[in-house]
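# Chains, contacts and geometry: an overview
Each chain is listed here by its residues.
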Amino acid sequence: MRDVPHHVACVMDGNGRWAAQRSLPRTAGHQAAEAAVIDVIEAAHTAGVGWLSLYAFSTENWRRPAAEVDVLLWLVRRAIRKHALTLHTRGIRCRFLGGADPRIPPPLARDIDDLMTLTRDNRRMTLTVAFDHGGRRDIVEAARSLIRDGVPPEQVTEESFARHLPHPDMPEVDLVIRTSGEQRISNFMLWQVAYAEWVFPPVLWPDFRAEHFWECLDVYRRRDRRFGGVQVPTATGKGSS
Amino acid sequence: MSDAAPTGIDDGTTPADPADPLSPGSMLHRLSHQARWGLVATRAIVLEAAHPQIGAALITNSTFVAHPWRRLRNTVLSAQRMVDPDERVRRREAARLNRLHARITGTDAEGRPFNAADPEARAWVVATLFESTVTMCRLSGESLDGPALDRLYAEFRAFLALMDPDGGRLPPTLREFWRYYELMIEERLENTEAVRVILDRLFAQVPAPPLLRDSPAAWAAGRALAGPVATAITVASLPESLRARLGLPELPGTRTLIHTAYLSTRLATRLLPEAWTRLDTIMGMLDPTYSRREGGDALAGLRRGAAKAGALLRLLTPAPQAGAADDSTLRSAARFFSEVLDQTGDGYLDWPDLAAMAREIATRLDLDARDEDRLFTAFADWWRELRKELDTDGDGRVTGQEYAAAAAAMTSSALIRVAEVLFDVTDVDDDQVIDAGEYRALFRAAFDHDAGGGDERLTRAEFVRRFLNFMAGRLHSDAYDRLFAQS
């Protein structure tokens, strides 16, 4: 049996379809997604996952109808305010990946900032919300940062490059869960998912619950991770006896 | 318990320097860095306000109701400079205070002239601070013995002598002081408007300190509970003879309340780590920009805690309804009038309002006499021009309506002159640009807020442009809001 993955990431897909199946506006799907988010955070926390990353809103999502974007942003703000204290008391450190876009309304930016400030010293679990995030953009930004720092080409290694990514202390993703059966990467944390295991449960995100999460962890445990090699030596600490 | 004493005001271990009563070993020096000095200052201001001259000066010129935090901060800073180990700093500060007070003159509502630099009034201010310190010690169960009292009194007299080369008007001995004090209460003090404003309005309406400014609802709720308690404590701590003269009733239970309050400050001062009960720490928590100048890391942990507390409070405060225009860059003429121009909060724009702005700038930049004069002259010229153009009913002051009707005409030659003088006095090294250090001295903030990236320098033209934009175009500016609008 394998250990619990250290870093789990979720691509929260299927809100729109969930709403369409019920003849509701797309925004109703986003609204229903909140319960799933809270359930997954609780489940990951209980399971002992150290890092949980959620893909909430991509840079591409700005292209959606303005009304939908507005509702989505308002929902995020409401969720932050509603759950800030619970997250904090659970010892969860909250971070946001991306989120520097000027289109983000100042009150939301303020709340994001406050949530990070409030929880920055927590260590039980780190919740990274990829908000207004684009994996390629992060890589481009890291490249710019390298050039600005005048790092000579021969000194650019995978490790030194990774130190220029946002939140360089974030470990590589071990498991990505993408709901609704879609099997795409969608520009999500491209650098960090390089060796991740992917599972694609068919359930739509608003219906995703703790038991689905446990199933995904189970799938992960049964997989044989190779990291591109033939076999992972147990000495890395990943294996079990 | 012998190790608990060093945080008190008299640890009996540091000998006073007989030649220099205000040396770093002095009781006053220690006291002025303790947070409970805030209690002393608040109580003393009621006693000061009951003096007709001081009361009149406070009510017509002071910004303490509209901007109490700024006022408190300046008072604290000034008191600390007055007991600075370096005697030159003390003399410079005393001279600055004298200039500042000499500018505050006028006549009260009954036509009696007042002058903030009046030696008798100034002696009373120091007397109230001394008596409030003694009272604080007594109420917190830390009674000072005869020699300690004598020493403290000598220190306060030295404090006064710094401002008053003639030695001041405080009696030479403590015995005579108490007679003087009783006599003042019985014959000189009055139930002035300033006393009523402090007791009725200050605690009930005190605006949020900078830390909680974004949580107005939470602040208002806390203030509704704490305001009356603070008033009751202050009233109950006043001398009984004065309470009788002012007709202030003693509410049942306040005796216990007051002892509890003072005792807890004493215990806090004795038992908590010294860094926590330092005035700088408390001020730093209330106003995150305050202690940045210190640059020390000792407070970093506390500030971190305060930042977290502030964040939590903001997150728990109900958010304003969607659609509220809280991010607009333009503000209405009425808001600009009340937030920026009307410094004294009396609803009118008058010379004391502009003088308060000049005073704030002069205090922040610690200007010498020459620069201070230039600044006040520029502001006075601006005031004359404003009055000529805006005071349509000729009553000598500008109302909110008069201002709103002609606000667009605010960009005047006199205002440009104010901007240029402000640039000159801020540009300490005369290199014709405001660099990061100079910017920080004026705005108490890092450069980036308005600069929008770019170089950390402001040319004269850019500086003047921004100042005029703020004053005339009524554009929001974090930097200028911190300077003029926020308490």
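As a starting point, this report considers the structure included with it. (Residues numbered from 1 in each chain as written. Chains lettered and ligands numbered in written order. Predicted model: local features only at pLDDT ≥ 70, side-chain atom pairs only at ≥ 80, totals over all residues. Heavy atoms only, no water.)

### Quick look at the overall build of chain B
To keep it simple, the criterion reads: Note on conventions: DSSP H or I runs of at least 4 residues are helices, E runs of at least 2 residues are strands, and numbering of each starts at the N terminus. Any two residues whose heavy atoms approach within 4.5 Å are treated as being in contact. Computed with a 1.4 Å probe, the accessible areas rest on the Shrake-Rupley method; for each residue, only the protein chains presented here act as cover.
Each helix and strand in chain B was counted, giving 23 helices and 6 strands. Of the contacts made within chain B by residues no fewer than 6 positions apart, 70% connect residues no fewer than 24 positions apart. Here chain B has roughly 21300 Å² of accessible surface; of this, 56% comes from carbon and sulfur atoms.

### Things to note about the overall build of chain A
Selection criterion: A simple rule labels every residue: compare its accessible area, found with a 1.4 Å probe on the protein chains alone, to the largest value its type can have, and call it buried under 20%, exposed over 50%, or partly exposed in between.
Secondary structure assignment for chain A yields 7 helices and 6 strands. Counting all 241 residues of chain A, 49% fall into the buried class. Partitioning the intrachain contacts of chain A with sequence separation of at least 6 by distance along the chain shows that 77% fall at a separation of at least 24. Summing over all exposed atoms, chain A offers an accessible surface of approximately 11700 Å²; the carbon and sulfur share of this is 54%.

### What about the nonpolar core?
Residue and element names in this part refer to chain B. Quick reminder of the rule: The nonpolar core is taken to be a set of buried Ala, Val, Leu, Ile, Met, Phe, Trp, Tyr and Cys residues, with the residues joined through side-chain atoms within 4.5 Å.
Within the largest apolar cluster, 65 residues are counted, with the highest numbers of intra-cluster contacts made by W124, F130, L170, F177 and Y180. Top contributing element to this core by residue count: helix α6 (residues 119–139), with 11 residues. Discounting chain neighbours no more than four positions away, the residues touching F177 are A127, F130, Y153, L170 and P171. Membership of the second largest hydrophobic core comes to 47 residues, among which are M357, W383, L390 and L458.

### Side note on unusual backbone geometry
In the Ramachandran plot, S180 of chain A falls in the positive-phi region, its phi being about 75° despite a non-glycine side chain. Considering the arrangement of structural elements, one finds S180 of chain A in the loop between β5 (175–178) and β6 (197–199). Within the chain, Q432 of chain B stands out as a residue other than glycine whose phi angle is a positive 65°. Within the secondary structure, Q432 of chain B sits in the loop between α19 (413–426) and β5 (433–435). Of the residues examined, Q432 of chain B reaches a relative accessible area of 40% and is grouped as partly exposed.

### Some remarks on helix α2 (residues 26–47) of chain A
Rule in force here: Multiplying 1.5 Å by the helix residue count minus one yields the expected span of that helix.
Spanning 22 residues, α2 of chain A covers 32 Å between terminal C-alpha atoms, matching the ideal 32 Å at 1.5 Å per step. The first or second residue beyond α2 of chain A is G48 of chain A, which carries a positive phi of 90°.

### Some words on the pattern of salt bridges
Here is the rule we go by: Put simply, a salt bridge is a Lys or Arg side-chain nitrogen that is within 4 Å of an Asp or Glu carboxyl oxygen.
Scanning the entire structure with this criterion turns up 39 salt bridges over all chains. Here D373 of chain B makes a salt bridge to R103 of chain B, at a shortest N to O gap of 3.0 Å. Within this pair, whereas D373 of chain B is found in helix α17 (residues 369–390), its partner R103 of chain B is found in the loop between α5 (87–102) and β1 (105–107), the two being separated by 270 residues in sequence. Relative accessible area serves as the criterion here: at 41%, D373 of chain B is assigned to the partly exposed category. Between R364 of chain B and E360 of chain B there is a salt bridge, with its nearest N and O atoms 2.9 Å apart. Of this pair, R364 of chain B and E360 of chain B are both found in helix α16 (residues 351–365), 4 residues apart, which corresponds to roughly one turn of the helix. The burial state of R364 of chain B is the same as that of E360 of chain B; both residues are buried. Within this structure, D13, R17, R178, E182 and R184 of chain A form a network of salt bridges that share partners.

### Quick notes on the side chain of R178 of chain A
Residues and elements named next belong to chain A. We apply this condition: Here a polar contact means two N or O atoms within 3.5 Å. Within protein one must be a hydrogen donor candidate and the other an acceptor candidate, and residues neighboring in sequence count only if both atoms are side-chain atoms.
For R178, the position within the fold is in strand β5. At 2.8 Å, the side chain of R178 and the side chain of D13 are in polar contact. Here the side chain of R178 touches S186 through a polar contact of 2.7 Å, side chain to side chain. Non-local contacts of R178, meaning those with residues more than four positions away in its chain, are made with V11, D13, R184, I185, S186, V199, F200 and P201.

### Considering the packing of aromatic side chains
All names here are of chain B. Formally: Note on aromatic pairs: the rings of Phe, Tyr and Trp (six-membered ring only in Trp) are paired at centre separations within 6.5 Å, and the planes decide the class, stacked below 30 degrees, edge-to-face beyond 60, tilted for the rest. Over a ring means this: the NZ of a Lys or the CZ of an Arg is within 6 Å of the ring centre and within 35 degrees of the ring normal.
The full count for this structure, using the stated rule, is 19 aromatic pairs over all chains. Seen in terms of ring centroids, F177 and Y180 are 5.9 Å apart; in terms of plane orientation they differ by 50°. Their pairing is tilted. One end of the pair is F177 and the other is Y180, both in helix α8 (residues 174–188) and 3 residues apart, which spans about a single turn. For F177, a relative accessible area of 0% puts it in the buried group. Looking at Y180, the relative accessible area reads 16%, which means it is buried. Connected via pairs of aromatic rings, a cluster forms that spans W124, F130, Y153, F156, F159, F177, W178, Y180 and Y181. A cation sits over an aromatic face here: R103 above F376, 3.8 Å from the ring centre. Taking NZ or CZ as reference, R397 lies 3.4 Å from the ring centre of Y348, over its face.

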